[in-house]
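Topology and contacts: notes
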Amino acid sequence: MTQSFAQLDLVEPIQRALRAENYETPTPIQAQAIPHLLAGRDLLGIAQTGTGKTAAFALPILQRLSAERAAPVRNAMRALILTPTRELAVQIHESFRTYGRHLQLRSAVIYGGVGQKPQTDALARGPDIVVATPGRLLDLVQQGHVRFDRVAVFVLDEADRMLDMGFIHDVRRVIAKLPPARQSLLFSATMPPEVESLVKGILKNPQRVEVTPAATTVERVQQRVLFVDSADKRALLADVLKDPAIARALIFTRTKHGANRVAEQLDRIGIQADAIHGNKSQAARQRALDDFRRGKTRVLVATDIAARGIDIDGITHVINYELPNVPESYVHRIGRTARAGADGIALSFCDASERAFLRDIEKLTRQRLAVVDTHRFHRAGAQAAAPAASRHARQEPSRNGRQEPSRNGRQEASRSGRANGGRRGGSRQQQTTRAGAAA
Ligand code: AMP
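If you're wondering where the values come from, they're calculated on a predicted model, not measured in any experiment.

How each quantity is defined
Residues numbered from 1 in each chain as written. Predicted model: local features only at pLDDT ≥ 70, side-chain atom pairs only at ≥ 80, totals over all residues. Helix = DSSP H or I, 4+ residues; strand = E, 2+ residues; numbered from the N terminus. Buried ≥ 20, exposed ≤ 12 C-beta atoms within 10 Å, placed from the backbone. Contact = placed C-beta atoms within 7 Å. Core = buried A, V, L, I, M, F, W, Y, C linked by C-beta atoms within 7 Å. Axes fitted to C-alpha atoms, helices over the stretch in contact; angles between N-to-C directions. Parallel < 35°, antiparallel > 145°, perpendicular 65-115°, else oblique. Nonpolar A, V, L, I, M, F, W, Y, C, P; charged D, E, K, R; others polar. Pairing = 2+ DSSP bridges. pLDDT = per-residue confidence, 0-100. Left-handed = near helix turned anticlockwise from the far one by under 90°.

1. Regarding the overall build of the protein
Across its full length, the protein carries 20 helices and 14 strands. Buried positions account for 48% of the 439 residues belonging to the protein. Restricting the contact set of the protein to residue pairs at least 6 apart, pairs at least 24 apart contribute 77%.

2. Side note on the nonpolar core
Ranked by size, the top nonpolar core spans 67 residues in total, and within it A79, L80, Y99, V131, A132 and L186 carry the most contacts. Leaving out residues up to four positions away in the same chain, L186 has contacts with L44, L156, A159, L198, V199, I202 and L203. In this structure, F227, A273, Y321 and F349 belong to the second largest nonpolar core, which totals 46 residues.

3. Remarks on the packing of helix α15 (residues 327–334) against helix α16 (residues 355–365)
At their nearest, the axes of α15 and α16 sit 8 Å apart, and the two run at 70 degrees to each other. Classified by the angle their axes make, α15 and α16 are roughly perpendicular. Facing α15, whose interface residues are P327, E328, Y330 and V331, α16 presents D360, I361, L364 and T365. Residue composition of the contact of α15 with α16, by class: five nonpolar, one polar and two charged.

4. Points about the pairing of strand β5 (residues 153–156)
Across the two faces of β5 the burial is the same, with V153 and V155 and F154 and L156 all buried. Judged from the four bridges that link them, β5 and strand β6 (residues 183–188) form a sheet pairing that is parallel. Opposite V155, over in β6, you have L185 as the bridge partner.

5. A closer look at the sheet that holds β5
The sheet built from seven strands is open, its strands ordered β3-β4-β2-β5-β6-β1-β7 with parallel pairing. Of all the strands in the sheet, just β3 (107–110) and β7 (207–210) have a single pairing partner and so form its edges. Each neighbouring strand pair of the sheet contributes to a mean axis angle of 10 degrees, computed without reference to strand direction. Packing of helix α3 (residues 53–67) onto the sheet brings it into contact with β1 (43–46), β2 (79–82), β4 (129–132), β5 and β6, and relative to β5 it is tilted by some 170 degrees.

6. So, the sheet that holds strand β11 (residues 299–302)
If you walk across this open sheet you meet the seven strands as β10-β11-β9-β12-β13-β8-β14, and the pairing is parallel. One side of each edge strand has no neighbouring strand; the edge strands of this open sheet are β10 (273–276) and β14 (370–371). By the bridge criterion, seven bridges tie strand β8 (residues 221–227) to strand β13 (residues 344–350) in an arrangement that is parallel. In the sheet register, Q223 faces β13, and the bridge partner there is A346. Running at roughly 135 degrees to β10, helix α13 (residues 282–293) makes contact with β10 and β11 of the sheet.

7. Details of the environment of V372
With respect to the helices and strands, V372 occurs in the loop between β14 and α17 (380–384). Placed 25 residues apart in sequence, V372 and L347 show a C-alpha to C-alpha distance of 9.2 Å. Discounting residues that sit within four places of it in the chain, V372 has contacts with R224 and L226.

8. Some words on the environment of D313
Tracing the backbone shows D313 in the loop between α14 (304–307) and β12 (317–320). Sequence spacing of D313 and R293 is 20 residues, and the spatial spacing of their C-alpha atoms is 7.7 Å.

9. Focus on α16
Because the α-helix completes a turn every 3.6 residues, residues three or four places apart line up on one side. Among the residues of α16, those classed as buried are R355, A356, F357, L358, D360, I361 and T365. Note on α16: the residue one or two positions beyond its end, R366, has a positive phi of about 55 degrees.

10. Quick notes on the confidence of the model for the protein
Looking at the protein as a whole, the pLDDT averages 83, with 84% of positions reaching at least 70. Here residues 389–439 is modelled with pLDDT under 50, and outside its nearest four sequence neighbours on either side it reaches 79 contacts, counting other chains as well.

11. Concerning the packing of helix α6 (residues 134–142) against helix α8 (residues 168–176)
Viewed as axis vectors pointing N to C, α6 and α8 meet at an angle of 45 degrees, and their least axial separation amounts to 9 Å. Put simply, α6 runs oblique to α8. You can see that α6 and α8 cross each other, and the crossing is left-handed. Where α6 abuts α8, its residues P134, G135, L137 and L138 lie against D170, V171, R173 and V174. Grouping the constituent residues of the contact of α6 with α8 by class yields five nonpolar, one polar and two charged.

12. Examining unusual backbone geometry
The phi dihedral of D9 is positive, around 65 degrees, even though this residue is not glycine. Position of D9 among the secondary structure elements: in the segment before α1 (12–20). Residue classification places D9 among the exposed positions, given that 12 C-beta atoms sit within 10 Å. Here E158, not a glycine, exhibits a phi torsion of approximately 50 degrees, which is positive. Following the sequence through the fold, E158 ends up in the loop between β5 and α7 (159–164).

This is how it looks when you write it as structure tokens:
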């Protein structure tokens, strides 16, 4: 395995940018993918966000484009990266700018939900690199703002999620317009059959690189569980957040409604907090993410879907205000801290009705969470509760009727379940079986 970036044959301006970011050693996907990409190979990367996959493709692309200098051509680009969400598009674009800061390359980012003028202006300047979500890109294609004839490198990011989100037709339409002589890369966390068929259609004799971050992520995070009555969770959270060591916390709830409620409660007691979830406008989500990234807000409350792919360094704590009913989501959640080598702390609040979820999580991660019983809301009863409730029972509206209708919980569960299940050979059906076994 490559021990340092110096061994990776990256040009000095890129090495310098990496040093400034304090990247010392390549992550496994970087070490495995970069040499093949520098050699011009196509690549199938089975990896999820959090593994360092962005740099794995961005660094060789930057190197190639700066070596093959070319005058800008209106509305054309030399590298095209398609990614499913606006947040990811913005993050990937920022990564290109960061790693390419000593290279004279131009980039543009294209996504929906905002005015198109700045984007068409950026395209008109002939960027070297375009990072885009498929819908808006096709929109601009139809209006005559995009030409693909100079695309030399194409990246399809999060292919499985494109599928989940119903973007696959748009993706295929874009691909059909690309020049056939190009270097192509496809990344996916899981490999459902539809992604396999995309791979066959897009990649030529690809190098396959697979990394499985779940176990290693889990090992690096200190995981603790706090048993508590559900009615006391709010006060427990307020107590927990008094600890100044919690510099930047991402809090998870199962529902959008829950996320809003927790953020509002925190605001009321003077703790700056924002919520992000699918119901918020793009502008509001981006603002919340930016404020959190800059440290203006200390706490961000999110649902599983909204947080997937969030890439923010320096999250010191992940707090599971509610445990996820799909254990794989727990692994994803706690992976938001412990990014690429850092350590992190995950605190999980568990009430009696969530014992079954906790047991599923401990089964999946093959480890017991350390019990914190020194807080003033500790409930031995919750700890001792037989984990008899099935996931399905838990998804019904709670006693106080404030939980969202169960349909929402299920939607989130099934989507994240699907997104994560494939790698482990799991499926919805298997998850249900596991839930059944837990009951
Ligand atoms: P990604 O999977 O591309 O979303 O990257 C996850 C996070 O890891 C990002 O915050 C990157 O800035 C960070 N990162 C990527 N590569 C490295 C590396 N080699 N060393 C340290 N941090 C890294």
